[in-house]
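Residue-level listing of the chains:
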Amino acid sequence: MFGVYILLITWMIFMDRKKVNQYFSAFIEERFIGQIEKSIRVTIVANITYYLLFTLIFVQLYRFQKSGTHTNYYFISLSIFTTLVLWDLVKKIGQFITGWIFGVELLVQHYEFYNLLNRLVISISILPVILLVHYQPYLNHPVSLYFLLCLSILPSILKIKRISKLSFNQFSIPIYHNILYICTLEILPLIVVWKTLIGKI
């Protein structure tokens, strides 16, 4: 999966360099959001690399936790990847239904866009760190991997500010609703996957 992750990131950067630059500009400055050229290809690759990133981190952490045991890591990797994809699909369906019922379809669309923005930035920005951890033995340590995991989750926390500003100004939704939503539907599932993997649930 590591090779697939590197290949997809490299392919996306070279094939859609202009669009990738636009997404990065929009991530840094909101005023650039209106200039983005939407791309289905970038959306698909950004989501896949996001799933691969967390799969790689979890599998490597699992290696340290279960060192010395005979484990089918291919099956573990596939299980984690599939779980993340299915959960994301269920979440998107739930968002669509909720948006339709409560008349906040615009908020859901903005949320999905910021989600894509974060995933693209995470997947590309974290690449140098992934390469260092993978190829430098002294960095291939649980502490480095947990640090990498925190870096990967950080944009989701930063997203609270943007979503809260939009939801409060247009829909009068309090900020704590957004904090609860992101912690419950984005961060908590990752914790559940990890705890299930190491047999703590």
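Our subject is the structure that appears above.
Not measured: the values here are computed from a predicted model. (Residues numbered from 1 in each chain as written. Predicted model: local features only at pLDDT ≥ 70, side-chain atom pairs only at ≥ 80, totals over all residues. Heavy atoms only, no water.)

### Considering the packing of helix α2 (residues 17–28) against helix α5 (residues 105–125)
Close contact between α2 and α5 brings their axes to 10 Å; oriented N to C, the two are set at 110 degrees. On the basis of the axis angle, α2 is roughly perpendicular to α5. Here α2 contributes Val20, Tyr23, Phe24, Ala26 and Phe27 to the contact with α5, which in turn contributes Phe113, Leu116, Leu117, Asn118, Leu120, Val121, Ile124 and Ser125. Its residues placed into classes, the contact of α2 with α5 shows 11 nonpolar, 2 polar and no charged. (Axes fitted to C-alpha atoms, helices over the stretch in contact; angles between N-to-C directions. Helix = DSSP H or I, 4+ residues; strand = E, 2+ residues; numbered from the N terminus. Parallel < 35°, antiparallel > 145°, perpendicular 65-115°, else oblique. Contact = heavy atoms within 4.5 Å. Nonpolar A, V, L, I, M, F, W, Y, C, P; charged D, E, K, R; others polar.)

### Looking at the nonpolar core
Of all hydrophobic cores here, the largest spans 51 residues; its most connected members are Tyr5, Met12, Tyr23, Phe54, Phe58 and Ile80. Going through the elements one at a time, α1 (2–15), α2, α3 (40–65), α4 (73–102), α5, α6 (127–135), α7 (142–171) and α8 (175–197) are the ones with two or more residues in this core. With 14 residues, the top contributor of residues to this core is α3. (Core = buried A, V, L, I, M, F, W, Y, C linked by side-chain atoms within 4.5 Å. Buried < 20%, exposed > 50% of the residue type's maximum accessible area, 1.4 Å probe, protein only.)

### Concerning the environment of Leu56
Checked against the element boundaries, Leu56 lands in helix α3. Separated by 21 residues in sequence, Leu56 and Ser77 place their C-alpha atoms 7.5 Å apart.

### With respect to the pattern of salt bridges
Tallying each qualifying case throughout the model produces 4 salt bridges. Taking the shortest distance from any N to any O, the salt bridge between Asp16 and Arg41 comes out at 2.9 Å. Highlighted residues: Asp16 in the loop between α1 and α2 and Arg41 in helix α3, separated in sequence by 25 residues. Overlapping salt bridges, with partners in common, bring together Asp88, Lys91 and Arg119 in one network. (Salt bridge = Lys/Arg side-chain N within 4 Å of Asp/Glu carboxyl O.)

### Remarks on the environment of Ile76
Along the chain, the position of Ile76 falls in helix α4. Overall, Ile76 belongs to the buried group, its relative accessible area being 13%. Taking C-alpha positions, Ile76 is 8.9 Å from Thr55, a pair spaced 21 residues apart along the chain.

### Describing α5
Helix length check: α5 (21 residues) gives 30 Å between terminal C-alpha atoms against 30 Å at 1.5 Å per residue, within 8%. Counting buried positions along α5 gives 15 out of 21 residues, so the element sits mostly inside the fold. (Expected span 1.5 Å × (residues − 1).)

### Some points on empty space enclosed by the protein
Applying the stated criterion to the full structure yields 1 cavity of 30 Å³ or more. For the largest cavity, the calculated volume is near 110 Å³. Tyr50, Tyr51, Phe54, Leu84, Trp87, Asp88, Lys91, Arg119, Leu185, Glu186, Pro189 and Leu190 together form the lining of the largest cavity. Broken down by secondary-structure element, the contributors of at least two residues to the lining of the largest cavity are α3, α4 and α8. Of the residues contributing to the lining of the largest cavity, the split by class is 8 nonpolar, no polar and 4 charged. (1 Å grid on protein atoms, 1.4 Å probe; cavity = no way out; pocket = protein on both sides within 12 Å on 5 of 7 lines; lining within 4 Å. Points joined across faces, edges and corners; volume = space filled by probe spheres on them.)

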